[in-house]
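The primary structure of each chain is shown beneath.
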Amino acid sequence: MAKEITTRQEDYSRWYTDIVNKAELAENSAVRGCMVIKPYGYAIWEFMQEALDKMFKATGHVNAYFPLFIPKSFFSKEASHVEGFAKECAVVTHYRLMKNPEGPGIVVDPEAKLEEELIVRPTSETIIWDTYRNWIKSYRDLPILCNQWANVVRWEMRTRLFLRTAEFLWQEGHTAHATREEAMAEAEKMLGVYADFAEKYMAVPVIRGIKSANERFAGAVETFCIEAMMQDGKALQAGTSHFLGQNFAKAFDVKFLNKENKLEYVWATSWGVSTRLMGALIMAHSDDNGLVLPPKVAPIEVVIVPIYKTDDQQQNVLDYCAKMKERLEAKGLRVKFDDRDTQKPGFKFAEWEMKGVPVRLAAGPRDVENGTVEIARRDTLTKQVISEQEMEEHIIGLLDDIQNSLYNRALEYRKANTHRVDTWDEFKNVVENGGFAYAHWDGTTETELAIKEATKATLRCIPLDDDLEDGTDPFSGKPSKRRVIFAKAY
RNA sequence: CGGGAUGUAGCGCAGCCCGGUAGCGCGCUUCGUUCGGGACGAAGAGGCCGCAAGUUCGAAUCUUGUCAUCCCGACCA
């Protein structure tokens, strides 16, 4: 069996690729930059979707669906928005193919040229705001709180499975409000939802923050984000929530009559998380043996592997395991009974470990005789033998414990690799070795860009729940009122 | 788009300099022995050597062209 995974130490990025491949999460497709999400990977995404969708609905949002194609002219309506996306758009120019008149194969029918090109959405603000114009006339029509689950296309030069692909799946919330305050509160609320989701479900601790003007979303007035630290000390932007001001309302002429009977532009937000979260999940917890999943997003929480030699043993052991499965399912657990007779136990152990199943049960003739079962946890790779009578209780406690300890482990790691730095040498050192540099910043884009040029580190965010503190920017020497986070990022 | 490289079995690669019936590892199939941490042995199946033209009695190998992909830069959720 040559199923070795490259170690993190050896080559972190090959380790990541190995995990994605060997845990059968996704693979590259025949289309450059686009991935095939395989059933096991998609199942994890479905769990994330389901949890997020519930949270959106609990905060008053509803789902809708807008077109994949956006007329080119829509894009030019919001100036900074076009600029931000123009360089990475897929464009539809024709609508028909024909037999090649000069040889074999098929060619684009030159007669079938579209009058106006269509852009495959890189994000949906424009088409949605064009639609909202018709929906909004009065303050009574507000707020509109819509979300859509969709795929989008951004023609990236260099792609990596889940982290950056030309096509990706995501959700995008687009809300319309009567006042600035309400829209701002919405943007902040959704950032909170994302942070809760990342921490409670994915067990990934995040820093809530604001993006600098330079890193802000194209068309936004303020961009809020959650930033996570991966095991190589690099930052991963896990979600963003934008306060769009009246930019899109003005661009698409969306006005409403307020209570004073005055025409006013609508206030907007948009917010999204994507399949990139899968990348965060993988990189935050996994080890050199494969994927490690937090129970709350694991498609399989418990896998049962039977062990036997003879036919007699096989029957007894399979019956024994089937009963355990039933009992666990009765408790609402997601259980896989791996009764394949085509693979051996050792192979199965390795395979489920690779796929990150949190808890594994193994039972053989010895256990049938003694009324016991071997229980192994994926996060610590430890195992023990327990009495099958106390199995349910034990496993439920264990799953909880795994969820918590994964979060704590990730949090400890982030703390250990976040450093307050006050001098330029310290700054370079931290950023170079992988980690968050918690440093003063003079607030200028000029300094931010110069630091990026010098170290490849970007300003990840200005942390939200942070006290102000006077200091000096280690790069420019100018005064600063607060610390921000610089790091290399994905 | 600048710099570098690679296209040979499902995957990973050797063969190419020095032309002569296409090879290895993994995976796959069958049989036997195994089965409490990725089993072992034996026998099999699987190829337009990226594509096209040229040189030659003969091309995976030499020449020219072409297409595609990957890596390093610039750009990015």
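Note that the coordinates shown come from a computational prediction; the quantities given were computed from them, not determined experimentally.

A. Spatial organisation of the protein's contact with RNA strand B. Inspection of the region around RNA strand B gives 32 residues, with Arg 158, Arg 164, Thr 165, Arg 276 and Asp 367 positioned closest. For RNA strand B, the fraction of protein-proximal atoms (within 4 Å) that sit in sugar or phosphate groups is 35%. Here Gly 364 contributes a backbone N or O atom positioned 3.4 Å from a base nitrogen of RNA strand B. Arg 366 places a main-chain nitrogen or oxygen 2.7 Å from a base oxygen of RNA strand B.

B. Molecular detail of the sheet that holds strand E3 (residues 62-63). The strand order across the open sheet formed by 11 strands is E3-E9-E10-E16-E13-E12-E11-E24-E27-E23-E22, and the pairing between neighbours is mixed. Each edge of the open sheet is held by one strand with a lone partner, namely E3 and strand E22 (418-421). Pairing of strand E24 (residues 458-463) with strand E27 (residues 483-487) involves 3 bridges; the strand directions are antiparallel. Considered in E27, the bridge of Thr 458 is made with Ala 487. Contacts from helix H6 (residues 180-201) reach strand E9 (144-153), strand E10 (167-177), strand E11 (207-210), strand E12 (222-229), strand E13 (235-245) and strand E16 (267-274) within the one sheet, and its direction differs from that of E16 by about 10°.

C. Here's a closer look at a negative patch on the surface. A grouping of Asp 311, Asp 312, Asp 339 and Asp 341 is seen on the molecular surface, where their side chains present a negatively charged patch. With respect to the helices and strands, Asp 311 occurs in helix H9 (residues 311-330).

D. Looking closely at the pairing of E12. By the criterion of burial, E12 is predominantly enclosed, with 7 of the 8 residues buried. Here E11 runs beside E12; their pairing, made up of 4 bridges, is antiparallel. Paired with Arg 208 across the two strands is Ile 226, which belongs to E12. Across 8 bridges, E12 lies against E13 in antiparallel orientation. Bridge pairing links Cys 225 to Thr 240 in E13.

E. Summary view of the domain arrangement of chain A. Taken domain by domain, chain A comprises domain 1 (12-91 + 121-285), domain 2 (300-398) and domain 3 (418-487). For domain 1 versus domain 2, the distance between C-alpha centres works out to 40 Å. Buried surface at the junction of domain 1 and domain 2, summed over both partners, amounts to about 500 Å²; 62% is from carbon and sulfur atoms. Sorting the residues of domain 1 by area buried against domain 2 places Lys 22, Tyr 40 and Phe 47 first, and these three jointly supply 75% of that buried surface. Residue Lys 355 is joined to Glu 24 by a salt bridge in which the shortest nitrogen-to-oxygen separation is 2.9 Å. Inspection of the domain 1/domain 2 interface yields 2 residue pairs in polar contact (both at pLDDT 80 or more). Among the residues making up the side of domain 1 that touches domain 2, the classes are represented as 3 nonpolar, no polar and 2 charged.

Calculation criteria
- Residues numbered from 1 in each chain as written.
- Chains lettered and ligands numbered in written order.
- Predicted model: local features only at pLDDT ≥ 70, side-chain atom pairs only at ≥ 80, totals over all residues.
- Heavy atoms only, no water.
- Near = heavy atom within 4 Å.
- Polar contact = N/O pair within 3.5 Å; in protein donor to acceptor, adjacent residues only side chain to side chain.
- Pairing = 2+ DSSP bridges.
- Helix = DSSP H or I, 4+ residues; strand = E, 2+ residues; numbered from the N terminus.
- Contact = heavy atoms within 4.5 Å.
- Axes fitted to C-alpha atoms, helices over the stretch in contact; angles between N-to-C directions.
- Patch = residues over 30% accessible without salt bridge, like charges linked within 9 Å, V, L, I, M, F, W, Y side chains within 5 Å.
- Areas by Shrake-Rupley, 256 points an atom, 1.4 Å probe, with all protein chains shown as cover.
- Salt bridge = Lys/Arg side-chain N within 4 Å of Asp/Glu carboxyl O.
- Lys, Arg positive; Asp, Glu negative; His and termini not counted.
- Charge placed at Lys NZ, Arg CZ, Asp CG, Glu CD.
- Buried < 20%, exposed > 50% of the residue type's maximum accessible area, 1.4 Å probe, protein only.
- Domains from an automatic or database assignment.
- Buried area = accessible area lost by both parts, 1.4 Å probe.
- Nonpolar A, V, L, I, M, F, W, Y, C, P; charged D, E, K, R; others polar.

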